Amino acid sequence: MPELPEVEVIRRELEPLLKAREFAEPLLHMPSTIAHPGPEEFAAFLPGRKVDNLGRRGKYLLIYLDRGILTVHLRMTGNLFYAADGKAREERFLRLSLPFTDGTALHFSDMRRFGRLWLTETEAELQSLVLNRVGPDILTDLGREDFLELLGKRGHSRLKHLLLDQGFAAGMGNIYTDECLFRSGINPNRRVIDLKEGESEKLYRAIREVLAEGIEHGGTTFRDYRNSRGALGNFQSRLLVYGRKDECCRCGTPIEKTRVAGRGTYYCPRCQK
Ligand SMILES: [Zn+2]
């Protein structure tokens, strides 16, 4: 499932490719992919709109148009693919095709069908309709002080729960959360209130490091993630704890897999107290 680094990789790749292109008639292969507005309104609004720039909040990709904002959430298996020749790479899971007037196109495919798009006219509408429960972006909106302050307000939350909570801060998912907690030596079940001096700081630094490395290595491909050119990410080979069945790289204790916050969670019982 794409998390912040994977969406950021796609944003950086797509921005120069989509900039200034003008949308033609969209093809809605699966109309329910459009969460807002209705399919007819969506199809009527988009033609003639030009791409200004691309933004991101957590796992939401924001395509700013000369009028309106097209928002994409990939959820489990959603995939955006830019085609210079306009052709889709595969037909089977194709949900939406957005051709441009110059013959190129952006395609959205999604095996599991949970991915969604929204088209809103203003920033205020985007905020109230799509991002109303989404917290600040954990990488770009939160300085050290902001993070520590937010953390302080959630004293009774368990760390893994909290980092996965997109309302607390947006962007972390299961993989990067486990990596950050391992690197900061914090057990996923610990409560914020029980963090010792320096541990919150350590966590803040680990989050920034892990997310930046994830982006630098093109994201993590565990199952389905592909970037907008169809390539796999590389960060999976650098994961220190997530998905590992061997020994901890620091102390040699076998990595344990358990369930926290309803998610498969990997940790080192010795390094993460
Ligand atoms: Zn260890």
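Residues numbered from 1 in each chain as written. Predicted model: local features only at pLDDT ≥ 70, side-chain atom pairs only at ≥ 80, totals over all residues. Heavy atoms only, no water.

A. The arrangement of the overall build of the chain in detail. Tallying secondary structure elements over the chain gives 7 helices and 11 strands in all. Compactness check: the chain gives a C-alpha radius of gyration of 20 Å against a globular reference of 19 Å for 273 residues, within 12% of the reference. Across its three principal axes, the chain shows a C-alpha extent of roughly 55 × 35 × 30 Å. Long-range contacts, defined here as pairs at least 24 residues apart, represent 64% of the contacts in the chain between residues at least 6 apart. (Helix = DSSP H or I, 4+ residues; strand = E, 2+ residues; numbered from the N terminus. Rg over C-alpha atoms; globule rule 2.2 N^0.38 Å. Contact = heavy atoms within 4.5 Å.)

B. Layout of the sheet that holds strand 6 (residues 78-83). Sheet architecture is open: 4 strands sit in the order 1-7-8-6, paired in antiparallel fashion. The outermost strands of the open sheet, each flanked by one partner alone, are strand 1 (27-28) and strand 6. Relative to strand 7 (residues 94-99), strand 1 runs antiparallel, the two sharing 2 bridges. By the bridge assignment, Leu27 is partnered in strand 7 with Ser97. Helix 1 (residues 4-18) rests against strand 6 and strand 8 (105-110) of the sheet, and its axis sits at about 30° to strand 6. (Pairing = 2+ DSSP bridges. Axes fitted to C-alpha atoms, helices over the stretch in contact; angles between N-to-C directions.)

C. Highlighting the sheet that holds strand 2 (residues 34-36). Here 5 strands make up an open sheet; going across it, the order is 2-9-5-4-3 and the pairing mixed. Two strands in the sheet have a free side with no partner beyond their single neighbour: strand 2 and strand 3 (51-57). Averaged over all pairs of adjacent strands, the angle between strand axes in this sheet comes to 25°, irrespective of strand direction. In terms of strand pairing, strand 5 (residues 69-73) meets strand 9 (residues 116-120) through 5 bridges, oriented antiparallel. In the sheet register, Ile69 faces strand 9, and the bridge partner there is Thr120. On the sheet, helix 1 packs against strand 3 and strand 4 (60-65) and is oriented at approximately 175° with respect to strand 3.

D. Quick look at the pattern of salt bridges. All chains considered together, the criterion is met by 19 salt bridges. Its salt-bridge partner being Arg12, residue Glu8 comes within 2.7 Å of it at the nearest N-O pair. Here Glu8 pairs with Arg12, and both are found in helix 1, just 4 residues apart, close to one helical turn. For Glu8, a relative accessible area of 6% translates into the label buried. Across the pair Lys160 and Asp178 runs a salt bridge, and its minimum N-O distance is 2.7 Å. A residue pair is termed long-range when its members are at least 10 positions apart, and Lys160 in helix 5 (residues 159-164) and Asp178 in helix 6 (residues 174-183) qualify at 18 residues. (Salt bridge = Lys/Arg side-chain N within 4 Å of Asp/Glu carboxyl O. Buried < 20%, exposed > 50% of the residue type's maximum accessible area, 1.4 Å probe, protein only.)

E. Structural view of the coordination of the zinc ion. Within the protein, the zinc ion binds to Cys248 (SG), Cys251 (SG), Cys268 (SG) and Cys271 (SG); these donor distances fall in the range 2.2 to 2.4 Å. Geometry at the zinc ion is tetrahedral, judged from its 4 donor atoms and the angles of 101 to 113° they form at the metal. Written as a sequence motif, the donor arrangement for the zinc ion is C-x2-C-x16-C-x2-C. Taken together, the residues span a long stretch of sequence, with Cys248 in the loop between helix 7 (199-216) and strand 10 (256-260) and Cys271 in the segment after strand 11 (263-267) at a distance of 23 residues. Since its relative accessible area comes to 25%, Cys271 is described here as partly exposed. (Donors = N, O, S within 2.8 Å, 3.2 Å for Na, K, Ca; no water. Tetrahedral: all angles 85-135°; square planar, octahedral: opposite > 155°, others 65-115°.)

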